[in-house]
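# Observations on the model geometry
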Amino acid sequence: MTALVRRRPGSVDAVPNWFPLVGDLPYKVYLDRDGEKAEAMRLRDDEGFEVCVSPFSAYSALGWFADPITSPMLSRGAASLVETILHELVHATAFLPNEADFNESVAQFIGQQAAIRFFEETARSEAEDWPEANALREAIDDRRAVNAAIASFQDQLVELEGAPNHSERRASLEFEARTRLAILPLRRLDAKGIAKTARLSNACLALRGTYVRDLPRHAKVLA
């Protein structure tokens, strides 16, 4: 299962797709890998879009049907499984049409916070991948630090739109962003590995922003 995002050259925003009931979404989900590959090729070659394709392990039917537990969800360990289930339950509880950034970021935030609470309040399992609540909290804090650094890079790209020597200046900003990522004082995640593998194309940044851009605001609301 994959999500495909398209964006126009020179823009940092995704071109939305419209669907009944849910309205505009910045992505389109494919269950068929062949269909996703054909559409990505068409968008690149025929319409000139930049495309980002990302794997998805779960989806929500927004309460209309029971949501599945997929094999990828089970393969990623207890912490990821619990967070994903709670994330999708948020979608099945409250969903605003045409508000993808709110829907995804609030589900992301509640999924993270509720997962921490779940492991705080649940007796430790004998399972090897059962996390300590404090370790999970530190890992989530690391992810948020990474997201903040990447959001700063995305803000720089917005200011760069329409500037001369755009390609050269963008490449320089991306190098600086990866350098900052590599020295983040993370406690659970590998900063250098993240800096090396982070997907920083504009289309991938647009998808990431949908999920994480508003996390600091939700943290303030919770506090």
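All figures in this text were calculated on a predicted structure; none of them were measured in a lab. (Residues numbered from 1 in each chain as written. Predicted model: local features only at pLDDT ≥ 70, side-chain atom pairs only at ≥ 80, totals over all residues. Heavy atoms only, no water.)

## Remarks on the state of the cysteines
For the record, the criterion: Pairs of cysteine sulfur atoms within 2.5 Å are what we label disulfides. Only DSSP runs of H or I with at least four residues qualify as helices, and only runs of E with at least two residues qualify as strands; both kinds are numbered from the N terminus onward. Type-normalised accessible area, obtained with a 1.4 Å probe on protein chains alone, sets the label of each residue: buried when under 20%, exposed when over 50%, and partly exposed for intermediate values.
The tally for this structure, following the rule as stated, stands at one disulfide. Here C52 pairs with C204 through a disulfide, and the sulfurs are 2.0 Å apart. In this structure the cystine formed by C52 and C204 twists about its S-S bond by roughly 95°; its chirality is therefore right-handed. Placement of the pair is C52 in strand β5 (residues 50-55) and C204 in helix α8 (residues 202-212), with a sequence separation of 152 residues. The burial state of C52 is the same as that of C204; both residues are buried.

## Regarding the layout of surface pockets
The condition that has to hold: With a 1 Å grid laid over protein atoms only, a set of points is called a cavity when a 1.4 Å probe fits there but cannot get out and a pocket when it is open yet has protein on both sides within 12 Å along at least five of seven lines; lining residues have an atom within 4 Å of a point. Grid points are joined across faces, edges and corners, and a volume is the space filled by probe spheres set on the points. Throughout this entry, Asp, Glu, Lys and Arg are counted as charged residues, while Ala, Val, Leu, Ile, Met, Phe, Trp, Tyr, Cys and Pro are counted as nonpolar. The remaining residues, Gly among them, count as polar.
Within this model, the largest pocket holds a volume of roughly 1,800 Å³. Surrounding the largest pocket, 48 residues form its lining, P55, F56, H87, Q108 and Y211 being those nearest its centre. Looking at the lining of the largest pocket element by element, the count peaks at seven residues for helix α3 (residues 78-93). Split into classes, the residues belonging to the lining of the largest pocket amount to 30 nonpolar, 10 polar and eight charged. The space that makes up the second largest pocket amounts to roughly 330 Å³. Looking at the second largest pocket, it is lined by 17 residues, and the ones nearest its centre are D13, P26, D101, A206 and T210. The element that contributes the greatest number of residues to the lining of the second largest pocket is α8, accounting for three residues. In the lining of the second largest pocket, the residues fall into eight nonpolar, four polar and five charged.

## Digging into the nonpolar core
Our working definition: Side-chain atoms within 4.5 Å are what join buried Ala, Val, Leu, Ile, Met, Phe, Trp, Tyr and Cys residues into a set we call a nonpolar core. Between two residues, a contact is recorded if the distance between any of their heavy atoms is within 4.5 Å.
Judged by nonpolar contacts, the single largest core of 18 residues is most densely connected at F153, L157 and L181. If you list the elements that add at least two residues to this core, you get α5 (133-160), α6 (166-182) and α7 (191-197). For this core, the leading source of residues is α5, giving six residues. The contacts of L181, once residues within four sequence positions are left out, are V146, A149, I150, A191, A195 and A198.

## A closer look at the sheet that holds β5
Put simply, the rule is: In short, DSSP must find at least two bridges between two strands for them to pair. Geometry is summarised by axes, namely lines fitted to C-alpha atoms with helices restricted to the contacting stretch, and by angles between N-to-C directions that run from 0 to 180 degrees.
Taken in spatial order, the three strands line up as β4-β1-β5 in an open sheet, and their pairing is antiparallel. Looking at the sheet topology across the chains shown, the edges are occupied by β4 (28-30) and β5. Adjacent strand axes in the sheet meet at a mean angle of 25° when their direction is disregarded. Taken together, the three bridges between strand β1 (residues 2-7) and β4 define a ladder with antiparallel strand orientation. What sits directly across from T2, in β4, is Y30. Sheet strands in contact with helix α1 (residues 33-45) are β1, β4 and β5, and its direction is about 5° off that of β1. Seen against the sheet, α8 touches β1 and β5 and runs at an angle of roughly 50° to β5.

## Quick word on a nonpolar patch on the surface
Note the cut-off: Residues qualify for a patch when their relative accessible area is over 30% and they have no salt bridge, like charges being joined within 9 Å and the nonpolar side chains of Val, Leu, Ile, Met, Phe, Trp and Tyr within 5 Å. Accessible surface is estimated by sampling points in the Shrake-Rupley manner with a 1.4 Å probe; for residues, cover comes only from the protein chains shown. Within this document, salt bridges are pairs made up of a side-chain nitrogen of Lys or Arg and a carboxyl oxygen of Asp or Glu, the two lying within 4 Å of each other.
Taken together, I69, L74, I85 and L89 make up a surface patch of nonpolar side chains, about 360 Å² in accessible area. Among the structural elements, L89 can be located in helix α3.

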